[in-house]
Amino acid sequence: MSVLIKTALAERADNGNPIKVGFVGAGRMGTGALCQIGLMRGMRAAIIADLSAERAIRAYQLSGHDRADVATAKSAGHANDLIRAGRPVVTENADMIPELDIDAVADATGSVELGAQLALRSIDAKKHVVMLNVEADVVVGPILHRMAQNAGVIYTVSSGDEPGLISEYYDRYTALGFEVVAVGKAPSSIGLFDRYATPDSIADDARQLGVNPHFLVTFRDATKTMIEMASISNYTGLVPDIRGMHGPEAGVHEIPKLFRPIGEGGILNRRGVVDFARPLKHPDGSIDFDKSVTPGVFLVVYTANEQIREDLRYLDVVGDSGYYIMYTPYHLVSNEIPLSIATAVCYGKETIAPRNGLVTEVFGAAKRPLKAGEVLDGPGGSSVYALNDLYEVAAAENVVPLGLLPGAKLLRDISTDDVVTYSDVKIRTDTILYHLRSLQDKLYDKKRYRSESREAAAQ
């Protein structure tokens, strides 16, 4: 596909019709993608919206533009005039982005509510949507995907980050006829896995790494992993084997031995799962990057064909007894985002979207004893960590989707590790996210989810 993307972009460049992208959010992830676009032919960042115009201007500068060439727009009409003139444009008003003369909108906000709003308005305006915001996708992705299909545009989570990269590996090896037994990620942050991490408890590490402590918490307590593997589940139909997945400590050689059925010496109750691995460590506690998949992704595939087994042995693919690991030791979280933009605009295809509806739900569990009257701070905070499980299992327990928990007020005490249900909290109902989720719950049949997830688990 990369050669076809290069050809399609070259044709657009030669015809003077580059893909025009509107980016919302100029943080680290968005800026990385913008810098990559700055190296490409056939695509340009037409406008960047950010709460800080200065941050958006800096992103343009880092991607190769002179500061003097960057224009600021406060209205859609002014922005369109500047875009048509070929000027790089910044704005602090993200609401105008879907109205502009652009081909695609990339959401790099990191906000679940803003991401839902932006995706909905962009689809209504018949713009392709590339979501860097997996947190929103696992809450309302199915309804947004259906709306995009009805509007004749693409809704997709981006390439580069683990969900997109795993989906591309999954497509490759299932197309070749391999059975995918398990897929997963192995982030370096999970090497210090702590379900009960809080912004205060990891503050020193966050300062040393130069990152927001709330952001770091979502990695340390596995919230980010729960979310991303749910996104992959909703695309592939693969399911969590147990609540919260297994997450063993395992490297390249251990993964294909562990991620196989219990009856064959592994840890799985069933085949066809999403999961993760914690990296191996040296005696001093540092991560063994040489023997671990970290910070990459993996698939465990199976084949019964003896000739193919012989071929894989000859090629030194790690594995045995028909189980083999396919992996990459890295993921280009920002750099490959433009590939999803090009695939959507040039070919009308998504990289990863919840085609199967909501197969896996993500929800919250208490990090500590929570008292009635408390207001939950949501992912990355001190109130809850994330778990995932089959949608129908979660629905039967009346759990609240993780994205709806920020700002929810507790109606009763909750013990440590208890999951948060609708009976426990009063959630905000004045958000676009809530209304989209309510519509999604009405439109999708829970029995259909049950049938699809069970079928996937049995394969």
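Predicted model only: the values in this text are computed from it and were never measured.

What counts as what
- Residues numbered from 1 in each chain as written.
- Predicted model: local features only at pLDDT ≥ 70, side-chain atom pairs only at ≥ 80, totals over all residues.
- Heavy atoms only, no water.
- Helix = DSSP H or I, 4+ residues; strand = E, 2+ residues; numbered from the N terminus.
- Rg over C-alpha atoms; globule rule 2.2 N^0.38 Å.
- Buried < 20%, exposed > 50% of the residue type's maximum accessible area, 1.4 Å probe, protein only.
- Contact = heavy atoms within 4.5 Å.
- Areas by Shrake-Rupley, 256 points an atom, 1.4 Å probe, with all protein chains shown as cover.
- Lys, Arg positive; Asp, Glu negative; His and termini not counted.
- Charge placed at Lys NZ, Arg CZ, Asp CG, Glu CD.
- Expected span 1.5 Å × (residues − 1).
- Bend = angle between axes of the 7 residues up to and from the residue.
- Pairing = 2+ DSSP bridges.
- Arc of directions from axis to C-beta.
- pLDDT = per-residue confidence, 0-100.
- Axes fitted to C-alpha atoms, helices over the stretch in contact; angles between N-to-C directions.
- Left-handed = near helix turned anticlockwise from the far one by under 90°.
- Nonpolar A, V, L, I, M, F, W, Y, C, P; charged D, E, K, R; others polar.
- Core = buried A, V, L, I, M, F, W, Y, C linked by side-chain atoms within 4.5 Å.
- Phe/Tyr/Trp six-rings, centres within 6.5 Å; stacked < 30°, edge-to-face > 60°.

**A look at the overall build of the chain**
For the chain, the count of helices and strands is 16 helices and 17 strands. For the chain, whose C-alpha radius of gyration is 22 Å, the value lies close to the compact-globule estimate of 23 Å for 459 residues. By principal-axis analysis of the C-alpha atoms, the chain measures approximately 65 × 60 × 50 Å. The buried share of the chain, reckoned over its 459 residues, is 57%. Within the chain, contacts between residues separated by at least 24 positions form 73% of all contacts whose residues are at least 6 apart in sequence. When the accessible surface of the chain is split by element, carbon and sulfur atoms take 50% of a total near 18900 Å². Of the side-chain charges in the chain, 48 are positive and 58 negative, and the distance between the mean point of each set is 3 Å.

**Let's talk about helix α6 (residues 134–151)**
In this model α6 runs just 21 Å from its N-terminal to its C-terminal C-alpha over 18 residues, more than 12% under the 26 Å that 1.5 Å per residue would give. Of all the bends in α6, the greatest, near 80 degrees, is centred on V140, and the proline P142 appears no more than four residues after it. Across the 18 residues of α6, 14 count as buried, placing the element largely inside the fold. Following α6 by one or two positions, G152 has its phi on the positive side, about 80 degrees.

**Some remarks on the pairing of strand β14 (residues 360–366)**
Burial of β14 is extensive: seven of the seven residues sit out of reach of the surface. Pairing analysis gives seven bridges linking β14 to strand β15 (residues 384–390), with the strands arranged antiparallel. Its bridge partner lying in β15, A365 is registered against Y385.

**Concerning helix α2 (residues 28–37)**
Because an α-helix packs 3.6 residues into every turn, residues spaced three or four apart end up facing the same way. When we look at burial in α2, the residues that qualify are G30, T31, A33, L34 and I37. Projection of α2 onto a plane perpendicular to its axis shows the buried side chains occupying an angular sector of 160 degrees, all on one side. Among the structural elements, β1 (19–24), β2 (43–49), α3 (53–62) and α13 (337–347) are those in contact with the buried residues of α2.

**A look at the confidence of the model for the chain**
Here the chain shows a mean pLDDT of 94. Residues at 70 or above account for 96%. Across residues 447–459 the pLDDT falls below 50, and counting only partners more than four positions away or on other chains, this stretch makes 25 contacts in the model.

**What to know about the environment of V301**
Position of V301 relative to the elements: it lies in strand β11 (residues 297–302). On a C-alpha basis, the gap between V301 and G77 in space is 52 Å, while along the polypeptide they are 224 residues apart. Sequence-distant contacts of V301, defined by excluding residues within four places in its chain, comprise Y173, F178, E179, V180, V181, G322, Y323, Y324 and M326.

**Considerations on the packing of helix α7 (residues 162–175) against helix α10 (residues 223–236)**
The description of two helices packed together rests on the angle between their axes and the distance between the axes. Contact pair α7 / α10: the axes reach a minimum separation of 9 Å and the direction vectors enclose 35 degrees. Here α7 runs over α10; the crossing is right-handed. Residue-level contacts link E162, P163, I166, S167, Y170 and D171 of α7 to E228, M229, S231, I232, Y235 and T236 of α10. Grouping the amino acids of the contact of α7 with α10 by side-chain chemistry returns six nonpolar, three polar and three charged.

**What to know about the sheet that holds strand β13 (residues 323–328)**
Ordered in space as β9-β10-β8-β11-β13-β12, the six strands form an open sheet in which the pairing is mixed. Each end of this open sheet is capped by a strand with a single partner; those strands are β9 (239–240) and β12 (319–320). Where β12 meets β13, two bridges bridge the pair, whose relative direction is antiparallel. When the bridges of β13 are listed, G319 appears paired with Y324. Running over the sheet, α10 touches β8 (179–185), β9 and β10 (273–276) and is turned about 150 degrees from β8.

**A closer look at the nonpolar core**
Membership of the largest hydrophobic core comes to 65 residues, with the highest contact counts inside it found for L144 and V183. If we skip the residues at most four places from it in the chain, V183 touches I166, M229, I232, L238, V273, V274, D275, F298 and L299. Grouped together as the second largest cluster of nonpolar side chains are 27 residues, A33, L34, V70 and L132 included.

**Re the packing of aromatic side chains**
Inspection of every chain in the model, using the stated rule, returns six aromatic pairs. Centre to centre, the rings of F215 and F219 are 4.8 Å apart; their planes meet at 65 degrees, and the pair counts as edge-to-face. Of this pair, F215 and F219 are both found in helix α9 (residues 213–220), four residues apart, which corresponds to roughly one turn of the helix. Their ring planes at 50 degrees and their centres at 4.8 Å tell us that Y302 and Y323 sit as a pair that is tilted.

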